[in-house]
Amino acid sequence: MATLSDIGVSAFINILGAFAFLLAFALLRIQPINDRVYFPKWYITGKRSAPRHAGNFVGKFVNLNFKTYLTFLNWMPPAMKMSESKIIEHAGLDSAVFLRIYTLGLKIFGPTALVALLVLIPVNVSDGTLFFLGKDLVVSDIDKLSISNIKPKSWKFFVHIAMEYLFTFWTCFMLYKEYDRVAAMRLKFLASQDKRAEQFTVLVRNVPHESKRSITDSVENFFKKNHPDHYLCHQAVYNANKFAKLVRKRARLQNWLDYNQLKFERNPEKRPTKKKGFLGLWGEKVDSIDYYKQQLKELDRRLTMEREGILKNSKSIMPAAFVSFNSRCGAAVCAQTQQSKNPTLWLTNWAPEPRDVYWNNLSISFFSLSLRKLLISVAVFALVFFYMIPITFVQSLANLEGLEKVAPFLRPLIEWKIIKSFLQGFLPGLALKVFLLVLPAILMFMSKIEGHVALSVLERRTAAKYYYFMLVNVFLGSIVAGTAFQQLHAFLHQSATQIPRNIGVSIPMKATFFITYIMVDGWAGIAGEILRLKPLVIFHLKNMFLVKTERDMEKAMDPGSVDFPETLPSLQLYFLLGIVYAVVTPILLPFILVFFAFAHLVYRHQVINVYNQRYESAAAFWPHVHARIIASLVISQLLLMGLLSTKKAAKSTPFLVVLPLLTLAFHKYCKSRFEPAFRKYPVEEAMEKDLQNRSSESDANLKAYLADAYLHPIFRSFEEVELDEVKVDKKPPPNSSSPPLSELSSPSPTHHAKHHEEDEPSQVSQTSHNVQHYEVGQPGDLFHYEYEQSNHIYHYDVESHHQHESQYHHNGYHY
């Protein structure tokens, strides 16, 4: 059992560690060589292109302005100056609402801590019960400040009940105001956005297979029939894993070509060379620039053939599609209604924003989804059970006195006071933190197997699993396992009828363990977050060995984003600890307050200067945060009822029965009042936005805007490297033996043919290798294109894999 001196040792170590991290950050952040690590957000937004302190050659690496070293804490004021509206504009609504969770913690626990410390601690200290029980139970000075110090049947328990009511009402009041505010911010954010693809698009899954009709034909016919006034177009979903590998390979080759060209530009007198053998260690020596150009040329042909094969093969089209409508209202009606008599077919949901889509899970069937969720639920349960073993081990470190009484031979190892203080005050929290490091990655893998189609949903589901794990293992597991270790001597030498009393007395005593955990994770851990030691080391290693071009530099920068799967559950654990122990052991609350204040400051800095969110969900995670704080309230009320039952406070316990019912009724009201704003898009809002834009938006412009919004990212990557984009005619000419294009692609403008007159020049796209691509074809010849290089025209037929050279340009249909 950790004593006050053990807590003091832990506090000293963690405060010293946090200060060291902050000092290292303050020194590293002003070095020009680290500018892209600590301010990547400004490089991404284009507001910074070079370090501010760069000067001469030495100044490019080291800050030579020694005055800046004296003001090493000057990062704090700028982190607090940016207003919330500016943060939303700069980093998005998700980041702004994430920061509000920390301010909510301060609003809840600030007044709660003040009242609890002034009222409850004097009441708890006044009885001194634990002074008399100390012979049988392992207690510490901190436990004497808790409810355990009140003698059974005492009238003072009415004070704790009154405080529980007061804290519950205050927490619910702040939750209501915050839910109302966040819901209003979400609706305002959605209404203020300009035209966005997800506002007009619905994701359709489980498209039924029809023997005489392709997937794209089925989708088009179904929505033209059932949504004739609003259906606009759709984008099919392709299985293109092999193509993705080729695109990644092309990016690597392009990078090597850029590197060698830059190398040659810097030293024109010497052409770069390489050996063609393994890793360039042996083999024929060749000109590097020519070699990589030839490799890219051959790979471009393979990419074009692979893409054509995907578009041509009907089996590459998955039973899912992104269906776009000509109005927000039409999309809202489709997304929020049942489309078929069979509820397992034609499943419609709002499409995630394009960068939020998790493409790998779009083709999973309804039956497979149900089976996957069942299997993952069993796996999560098994994982939680398995992790009880290391959690129990951690608790054995935290309760050395309990083990000493049963195993006296351990006493010589821990009888030194400094070692004992370190083991009990610092090591348990650190060990628990280490055991939790790999867990988020495991849970994210499980969420992907479940079949969720959006990155934001994947992260929220992973956060939910992590929260349940923290609740069962870190909170309840620590209490149960820790109680068994703490009172092991009492359990072994007293009758079974005394066990409930010992557990009731011991539960509040786990506050000492949670205090050490808060200091390790919430103080030193948050300071480590702002230091960004891992990204700093990785950036410089990449910069030293891998960075060859500006593109490499951007990739090495890696700003990251708010880690919702890990950060949200940790936050919710702190709410749980604060709410549960506010009445039971109030001395824990100041440690919670320090965490919320410090973490708010650090994460404001990170959101403004570092993080670059991968998606924007418009605060869709907020209902989960609200629900879990409500769950914390209910747990605290049930725990207090259990404690009072062990204290023989039969007269006072019934006063608590109504409190969980009131809390759940409040949650139900908030759920019905505010949650629809996070689950559905009001038709009234959609129609109002449509009326505002109707005069300036035509269906043709909207169709062109939506056509490629949900194009598979591997095809978009193909465009970004400036390869020829193969466009195929939707309707083949009469008497053509080619298959209907509906089996090949979705009716997107990128897949629509344009007929050019004989005297109209073909459109040309210029690649970075001075290769001009022309897409041409005669009726019935859908897979034929040509390209120009060095004044020569090359014709390539995809189906026959035949290429020939000519000196003329063939005009025809442009695809």
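Right above here is the structure, for reference.
Source: prediction; values computed, not measured. (Residues numbered from 1 in each chain as written. Predicted model: local features only at pLDDT ≥ 70, side-chain atom pairs only at ≥ 80, totals over all residues. Heavy atoms only, no water.)

Caption draft 1: Structural context of the overall build of the protein chain. The helix and strand inventory of the protein chain stands at 34 helices and eleven strands. Considering the protein chain as a whole, with its 815 residues, one finds that 53% of them fall into the buried category. In the protein chain, once contacts between residues fewer than 6 apart in sequence are set aside, the share between residues at least 24 apart is 77%. Accessible surface computed for the protein chain: about 37,300 Å², of which carbon and sulfur atoms make up 62%. (Helix = DSSP H or I, 4+ residues; strand = E, 2+ residues; numbered from the N terminus. Buried < 20%, exposed > 50% of the residue type's maximum accessible area, 1.4 Å probe, protein only. Contact = heavy atoms within 4.5 Å. Areas by Shrake-Rupley, 256 points an atom, 1.4 Å probe, with all protein chains shown as cover.)

Caption draft 2: Seen up close, the sheet that holds strand 6 (residues 347–350). Strand order in this open sheet of four strands is 2-5-1-6, and the pairing throughout is antiparallel. In this open sheet, the two strands that pair with only one neighbour each are strand 2 (231–238) and strand 6. With direction set aside, neighbouring strand axes in the sheet form an average angle of 30°. Looking at chain direction, strand 1 (residues 201–205) and strand 6 are connected through four bridges and run antiparallel. Looking at the pairing, V204 lines up with T348 of strand 6. Where helix 10 (residues 215–226) meets the sheet, its contacts fall on strand 1, strand 2 and strand 5 (317–325), and the angle it forms with strand 5 comes to roughly 35°. (Pairing = 2+ DSSP bridges. Axes fitted to C-alpha atoms, helices over the stretch in contact; angles between N-to-C directions.)

Caption draft 3: The nonpolar core, seen in detail. Membership of the largest hydrophobic core comes to 133 residues, with the highest contact counts inside it found for F98, F475, Y581 and F595. In this structure, V202, F222, Y291 and A331 belong to the second largest nonpolar core, which totals 35 residues. (Core = buried A, V, L, I, M, F, W, Y, C linked by side-chain atoms within 4.5 Å.)

Caption draft 4: Inspection of the packing of helix 24 (residues 511–531) against helix 27 (residues 564–584) at higher detail. The contact between helix 24 and helix 27 brings their axes to 12 Å, and the two run at 150°. Classified by chirality, the crossing of helix 27 by helix 24 is left-handed. Facing A511, F514, Y517, I518, D521 and G522 of helix 24, the residues of helix 27 in contact are L573, Y574, L577 and Y581. Among the residues forming the contact of helix 24 with helix 27, the class breakdown is eight nonpolar, one polar and one charged. (Left-handed = near helix turned anticlockwise from the far one by under 90°. Nonpolar A, V, L, I, M, F, W, Y, C, P; charged D, E, K, R; others polar.)

Caption draft 5: The packing of helix 8 (residues 157–192) against helix 30 (residues 658–674), seen in detail. Axis separation between helix 8 and helix 30 bottoms out at 11 Å; the angle between their running directions is 5°. Accordingly, the angle class assigned to the pair helix 8 and helix 30 is roughly parallel. Contact residues: E164, Y165, T168, C172, L175, Y176, Y179, D180 and A183 in helix 8; V658, L659, T663, F666, Y669, C670 and F674 in helix 30. (Parallel < 35°, antiparallel > 145°, perpendicular 65-115°, else oblique.)

Caption draft 6: Structural detail: the packing of aromatic side chains. Scanning the model with the defined rule gives 35 aromatic pairs in all. Here the aromatic rings of W256 and Y259 are separated by 5.9 Å at their centres, their planes lie at 80°, and the arrangement is edge-to-face. You can see W256 and its partner Y259 sitting in helix 11 (residues 241–266), three residues apart, about one turn around the helix. Assessed through its relative accessible area of 26%, Y259 is described here as partly exposed. When the ring centre of F39 is taken as origin, the NZ or CZ atom of R48, which lies over that ring, is 4.7 Å away. The side chain of K195 reaches across the aromatic face of Y705, ending 4.4 Å from its centre. (Phe/Tyr/Trp six-rings, centres within 6.5 Å; stacked < 30°, edge-to-face > 60°. Lys NZ or Arg CZ within 6 Å of the ring centre and 35° of its normal.)

Caption draft 7: Here's a closer look at the pattern of salt bridges. Tallied over the entire structure, the rule returns 17 salt bridges. E210 is the partner of R213 in a salt bridge, and the nearest nitrogen-oxygen pair spans 3.5 Å. The partly exposed category is assigned to R213, whose relative accessible area is 35%. Residue classification places E210 among the partly exposed positions, given a relative accessible area of 31%. Ionic pairing is found between D690 and R328, a salt bridge with its closest N-O pair at 3.2 Å. Of the two residues, D690 is situated in helix 32 (residues 683–693) and R328 in helix 13 (residues 328–335); the sequence distance between them amounts to 362 residues. R328 shares its class with D690; the two are buried. What you see here is one network of salt bridges that share partners, running through E84, R100, E178 and R181. (Salt bridge = Lys/Arg side-chain N within 4 Å of Asp/Glu carboxyl O.)

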